[in-house]
Amino acid sequence: MSEDLAALPVHELAPMIESGQVSPVEVTEAVLENVGRYDDALKAYIDVYRDDALAAARAAESEISGGRYRGPLHGVPLAIKDNIYFADRVTTMGSKIHGDFVSSTNATVVDRLADAGAVFLGKLNMHEYALGGTTDNRYYGTCRNPWDLDKSPGGSSGGSAAALASNMATAALGSDTSGSIRIPAAFCGIVGLKPTYGRISRYGVFPEAWTLDHVGPMTRSVRDAAIMLDATSGYDPRDPGSLNQPGTETAGSLRTSLEGVTIGVVEDFYFHDVDDEIARAVRAGIESLRGLGADIREISIPGLKDAEYALTIIDTSETSTVHRANLRDRPQDYSDDVRLLLECGELPLAVDYLEAQQIRRHLRAEVQAAFADVDVIAGPTLPIRTPTIGEETAKLNGGDVDALENLIRLVGPASLLGLPTLSVPCGLAEGLPVGMQIIGPARGEQSVLDVGHVLESTAPLGSHRPTAYLDR
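Residues numbered from 1 in each chain as written. Predicted model: local features only at pLDDT ≥ 70, side-chain atom pairs only at ≥ 80, totals over all residues. Heavy atoms only, no water.

The element strand β11 (residues 376-380) is extensively covered by neighbouring structure, given that five of its five residues are classed as buried. Bridging between strand β9 (residues 262-265) and β11 involves two bridges; their strand directions are parallel. Bridging from a neighbouring strand, G264 pairs with I377 of β11. Pairing geometry for β11 and strand β15 (residues 432-439), over four bridges, is antiparallel. (Buried < 20%, exposed > 50% of the residue type's maximum accessible area, 1.4 Å probe, protein only. Helix = DSSP H or I, 4+ residues; strand = E, 2+ residues; numbered from the N terminus. Pairing = 2+ DSSP bridges.)

What follows is the structure, encoded as structure tokens:
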């Protein structure tokens, strides 16, 4: 029974908790039991709040039994990436430099989840300072993929994805600057939503790049992602990039068919230089959406070819500004890969940064024009097979390609433009998950969630679930 409770998604647990069929304490204990059993092998957590989580679960149980039910996250155990501040607890950013940093205040997203009655399990592992596409963490352990322990879970929110895939959390938060929610979601076979830039407050989240940073939900179902989005979104005056709009109400409006929905496919970008098995799985998913009423239309967005360059210049320049003092004073305390990236970020000139911003502006206009004809754009989340831990290359049609470049290539444009984007499982390639990326116009979270929800209803993974971690 405990294994079953730990595996249930939020939207199935919520009515059971509300009715008293199960207790938040039972659910929290079940999830913590999995943490104790599997996390030594997976290294998904940096810190576990066991005692506090159980105390919060007991308080939720008391509130609910007293008729004070707050909603679908009340009593649900979830975890957060360790660059999100939790008052009076260490927030490491996956680093040595901030290894004993304690914030006096919560991040806005933590306060909003607390208001929703969520139970916090602890902090999740991440690539150091979120600056990488793996979660090979020098200080807190190498996080592993529950589908194959020799494979990377992706990054930088790898701990969030691994915890969900192994039933060590019911929901999680990640952050995404150039793909860090969607990359691990695709590799671990879970759902990851990068919302519109400014939709969820970043106050109390350690910055990577100010004009690119997003916070978003990572879950085991699309409906759960919608529930998390609805609980955490909304204007926050403490975040200068926050959208001056109320919170979303998406979870209750998810579609079950796609009649009247037009899905755009950019063949020459999103299906260019993509592993054949991945392309097959994604095309099969798109065809299943056609069968459920969607109109599939090929479109062209020529400016996408320049997105990777612009993203790289903007991301590295802004990131190196954040770390300038520590890079000067404590370079030895960064991992080699992170220090190299930060040093590279000091190379672009002001004219390079401004040119990248111009590319961004022109591409935004092109993409906005494309959304006049389609509701969403769909394609592979990633073009490569899941990399092996410790290797800098990945397989693409049997050959070795640079892993980091190809991790960012297809997820980068939506990061650059701040567009809402969902990665949802759409099949398997040699037993490992493949993600479909669904991109919408600014503030178009409902559309991407609708399409993802309908795709999910086709059960593209069948009965396949990760099992490699069960043997450790």
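Back to the text.
This part takes up helix α3 (residues 24-42). At G36, α3 shows its largest bend, some 40°. Directly after α3, the chain includes K43, whose backbone phi takes a positive value near 55°. (Bend = angle between axes of the 7 residues up to and from the residue.)

Here we take up the sheet that holds strand β8 (residues 214-219). Strand pairing in a sheet is mediated by backbone hydrogen bonds. Such pairs are either parallel or antiparallel. The 11 strands lie next to each other as β1-β3-β2-β6-β8-β7-β14-β15-β11-β9-β10, forming an open sheet whose pairing is mixed. Where the open sheet ends on each side, the last strands, each with one partner, are β1 (45-48) and β10 (295-298). Direction aside, neighbouring strands of the sheet carry axes that sit 30° apart on average. Bridge analysis of strand β2 (residues 77-81) against strand β6 (residues 171-176) gives three bridges, and the strand direction is parallel. Paired with L78 across the bridge in β6 is A171. (Axes fitted to C-alpha atoms, helices over the stretch in contact; angles between N-to-C directions.)

All right, on to the packing of aromatic side chains then. Here the structure, examined in full by the defined rule, presents eight aromatic pairs. Measuring from ring centre to ring centre gives 4.9 Å for Y38 and Y469, while their planes differ by 90°; the resulting arrangement is edge-to-face. Of this pair, Y38 sits in helix α3 while Y469 sits in the segment after α17 (445-456), and the two are 431 residues apart along the sequence. The exposure class assigned to Y469 is buried, which follows from its relative accessible area of 4%. (Phe/Tyr/Trp six-rings, centres within 6.5 Å; stacked < 30°, edge-to-face > 60°.)

Before going further, it helps to examine the side chain of N83. Within the element layout of this structure, N83 appears in the loop between β2 and α5 (108-115). Within the local environment of N83, its side chain forms a polar contact with the side chain of S175, the two groups lying 3.0 Å apart. Filtering out sequence-adjacent residues up to four positions away, N83 remains in contact with T91, M93, M126, A130, S175, G204, V205 and F206. (Polar contact = N/O pair within 3.5 Å; in protein donor to acceptor, adjacent residues only side chain to side chain. Contact = heavy atoms within 4.5 Å.)

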